[in-house]
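So the chains spell out like this:
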Amino acid sequence: MCVRFARFVPVALLALFITAGCDSNEEDAPGTVTVQMNHTVSGDELALNSLQYTNTAGNLYSVSLLEYIITNVTLQTAGGGAVALSEVQYVNADDASSQRFSAPDIAGGTYSGITFTFGVDGARNTTGALPNTTVFNNMAWPAGMGGGYHYMRLEGRFQGDAGEGGFAVHTGPTMGADYSFDVTLPANIRVDGGETVVEVEMDINEWFGNPNIYDFRDVQGGIMGNASLQQVLQANGMDIFSIGSVE
Amino acid sequence: MKEAMKSIACCLVVSMCLFAGCDAGGGGVMEPQRPTPYELQIPEGFPLMEIPEDNPMTVEGVDLGRRLFFDPILSRDSTLSCSSCHLSATSFTDPAQFSVGVRGERGRRNSMALINVGYAESLFWDGRAASLEEQARDPVVDALELDEDWEHVEAKLNRHPRYPDLFEQAFGTRAATRDLAVKAIAQFERTLLSAGSRFDRVTAGVETFSDLEAEGFEIFNSERGDCFHCHGTLLLTDNRFHNNGLDANPDDLGLAEVTGRPFDRGLFKTPTLRNVEYTAPYMHDGRFATLEEVVDHYSTGVQHSSTLDPIMLQRGPLNLTDEEKTALIAFLKTLSDPAFLSDPAHSNPFRQ
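If you're wondering where the values come from, they're calculated on a predicted model, not measured in any experiment.

S.K.: Describe the interface of chain B and chain A, and please don't skip the residues or the numbers.
M.R.: Contacts between the two partners involve 25 residues from chain B and, on the opposite side, 31 residues from chain A. In total, about 2,100 Å² of surface goes out of reach between chain B and chain A, with carbon and sulfur atoms giving 47% of it. Broken down residue by residue, the surface that chain B buries against chain A is led by B:Glu223, B:Arg240 and B:Gln314, which jointly contribute 29%. Scanning the region where chain B abuts chain A turns up one salt bridge. Put simply, A:Glu67 and B:Arg240 hold a salt bridge, and the shortest N to O gap is 2.7 Å. Counting across the interface, chain B meets chain A through 16 residue pairs in polar contact (both at pLDDT 80 or more). Residues that form the side of chain B that touches chain A fall into these classes: nine nonpolar, 11 polar and five charged.

Next comes the structure, spelled out in structure tokens:
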């Protein structure tokens, strides 16, 4: 009897090695993946309308409005595949319900990260392309300036040399150019039934200092028509996101 | 005998036919007629309007709401109605700076124009009402407005020769209540849609702006004037709250009266600019009598305060030229929809 069973041991061991190398565990059940967008300023949770933050340029500032659009939110597989989580998402730092979105029935298994486009990519960023709702309509980018939609509206106040100043960091498709950018965040994301929550953090100070210093005192007037500043912000935006936690 | 049996059988058949046409039960009571769904015609390009699940729109509900809107029965002395301060001829606002209530006293804020108000996410200049239904309760009990209380209103409605029938048709009950009355008024207000302006025809491509109007639109819809950030979308409002620099130290705290938050001091709801040509005077306190005064304010009159909108804080004075001001006003007048003012569906039913 022992000899009979022994014949199956190598086969069993072989099967074990094969399944251990796969992303998909046959036992992983489909589940819901929830993305939670969080906003920080150099590691501290963002408090709106609170004059307490200092950027690389030394501007003491507060944030009164942060809203933005991300698109093509996907889970990445180790093999280079992608599973869609959300095609377009509006996020407002003052609206908790907008900061959290879920995708049900995601195939069980382990994923290697999350990707999305910050803003709406050029090909799709045309007026009327997004859902006809108040939040998206308010993000409209004037036709005379390229049409489509803002990527972000980040507004607030700062202490300038001559007193209080304001900033309105509005990014978008200036004169038809595409300043959106792709974000890839590696993470070990396991889906096995239930809900998996992936926290994505935006560090607002990264908009203003990495790699380019953005000094509010140097900005005169609106920036929606300023290609140079849009390029600066696009470059700075590349490192603003990170994974907070996966649970 | 056979003839008698035939007669009995005939009676039985006739009786069966009669009873078959009746509802089950002892009294043969007809089911109340269901109200007729109201097909709201959403203008081309407008977003879908959110209708509360507990207040679907019906023909009977809209009709009842229209009657209540124009009926002074809602006021203490039956002299004033909603329409007294929201006149259809001026796009459902009051040409007076402050409306006069039943007591002969004036309110403290300018009457807001009820244009596309079904899209509003909050009502009143300070946003204290979250829905049209909630908003409609207030003016009835406001001592500066209709100066009544809802118990009295309900009593008046319930002893009225017509309203019990109208409430039954709209809501299936003859008992008029505050909650049903405001639902009806809200249904009527949701029909106040305006999208027949020259601006709409230009947007649809069937007309073009004059050179002056086009110049004004460019100022409005670019960072030159930056009007679009608050008065954008086809609704010509972002439905948000801003401090647009009227006062360095605002007496009227606006949104902060509701939220209690210091950074909301002096913020007021962005009104729509549709029909702005008809809705003078302007601002929450009606301080500006003309569009020229409004444009002058944005050009060089903005006052700094701790809650001045960041966009305006960043931009500083617009310093528009005289030509730019003229052009901007020319564009603003393309937002006029005169048909909205005289639409029979919005007019006083007691004068027809």
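S.K.: Kindly report on the packing of aromatic side chains, identifying the contributing residues and their values.
M.R.: Aromatic ring pairs are defined here through the distance separating the ring centres and the angle between the ring planes. Taken as a whole, this structure holds 32 aromatic pairs over all chains when the rule is applied. Here the aromatic rings of A:Phe116 and A:Phe241 are separated by 5.0 Å at their centres, their planes lie at 85 degrees, and the arrangement is edge-to-face. Remark: A:Phe241 occurs in strand β12 (residues 241-246) and A:Phe116 occurs in strand β7 (residues 109-118); sequence separation between them is 125 residues. Residue A:Phe116 shares its accessibility class with A:Phe241, and that shared class is buried. The cationic tip of B:Arg128 hangs over the ring face of B:Phe124; the distance from NZ or CZ to the ring centre is 3.6 Å.

S.K.: Account for the confidence of the model for chain B, naming residues and giving values.
M.R.: Residue and element names in this part refer to chain B. Of all residues in chain B, 91% attain a pLDDT of 70 or more, and the chain-wide mean is 93. pLDDT under 50 marks residues 17-27. Its contacts with residues more than four places away, or in other chains, come to five contacts. Predicted complex metrics record ipTM = 0.88 and pTM = 0.89.

S.K.: Describe the environment of A:Val232, with residues and values.
M.R.: Residues and elements named next belong to chain A. Among the secondary structure elements, Val232 is positioned in helix α4 (residues 227-237). A C-alpha to C-alpha distance of 23 Å links Val232 and Asp161, two positions 71 residues apart in sequence. Val232 has contacts with Asn212 and Tyr214, leaving out every residue within four places of it along the chain.

S.K.: Before we move on, can you summarise empty space enclosed by the protein with the specific residues and values?
M.R.: Residue and element names in this part refer to chain B. Applying the stated criterion across every chain yields a total of four cavities of 30 Å³ or more. Each pocket or cavity is described by its volume, and for the largest cavity that value is around 50 Å³. Forming the walls of the largest cavity are Asn243, Asn244, Gly245, Leu246, Asp247, Pro250, Gly266, Phe268 and His284. Its residues placed into classes, the lining of the largest cavity shows three nonpolar, five polar and one charged.

Conventions we followed
Sequence order as written defines the numbering, with residues in each chain counted from 1. Ligands are numbered from 1 and chains lettered from A, in the order in which they are written. A pLDDT threshold of at least 70 governs which residues receive local features in this predicted model, and a stricter bar of 80 or more applies before side-chain atom pairs are shown or counted, although totals over entire chains, interfaces and linings include all residues. Neither water nor hydrogens contribute to the side-chain values; these are computed over all heavy atoms in the structure. Any two residues whose heavy atoms approach within 4.5 Å are treated as being in contact. Two parts placed together each lose some accessible area; with a 1.4 Å probe, that loss summed over both constitutes the buried area. Criterion for a salt bridge: a side-chain nitrogen of Lys or Arg within 4 Å of a carboxyl oxygen of Asp or Glu. Polar contact is the term for a pair of N or O atoms within 3.5 Å; when the atoms are in protein, one must be able to donate a hydrogen and the other to accept it, and sequence-neighboring residues count only if both atoms are side-chain atoms. As a working rule, the residues Ala, Val, Leu, Ile, Met, Phe, Trp, Tyr, Cys and Pro are called nonpolar, Asp, Glu, Lys and Arg charged, and the rest polar, with Gly in that last group. Aromatic rings from Phe, Tyr and Trp, taking only the six-membered ring of Trp, are treated as a pair when their centres fall within 6.5 Å; an angle between ring planes under 30 degrees marks them as stacked, one over 60 as edge-to-face, and anything in between as tilted. Only DSSP runs of H or I reaching four residues or more are called helices, and only runs of E reaching two or more are called strands; each is numbered from the N terminus. Only protein chains enter the accessibility calculation, which uses a 1.4 Å probe; a residue is then buried when its area is under 20% of its type maximum, exposed when over 50%, and partly exposed in between. Two thresholds decide whether a charge sits over a ring: the Lys NZ or Arg CZ must be within 6 Å of the ring centre and within 35 degrees of the ring normal. The predictor's confidence in any single residue is recorded as pLDDT, a number from 0 to 100. In the cavity and pocket records, a cavity denotes points on a 1 Å grid over the protein atoms alone where a 1.4 Å probe fits but cannot get out, a pocket denotes an open set with protein on both sides within 12 Å along at least 5 of 7 lines, and lining residues are residues with an atom within 4 Å of a point. Grid points are joined across faces, edges and corners, and a volume is the space filled by probe spheres set on the points.

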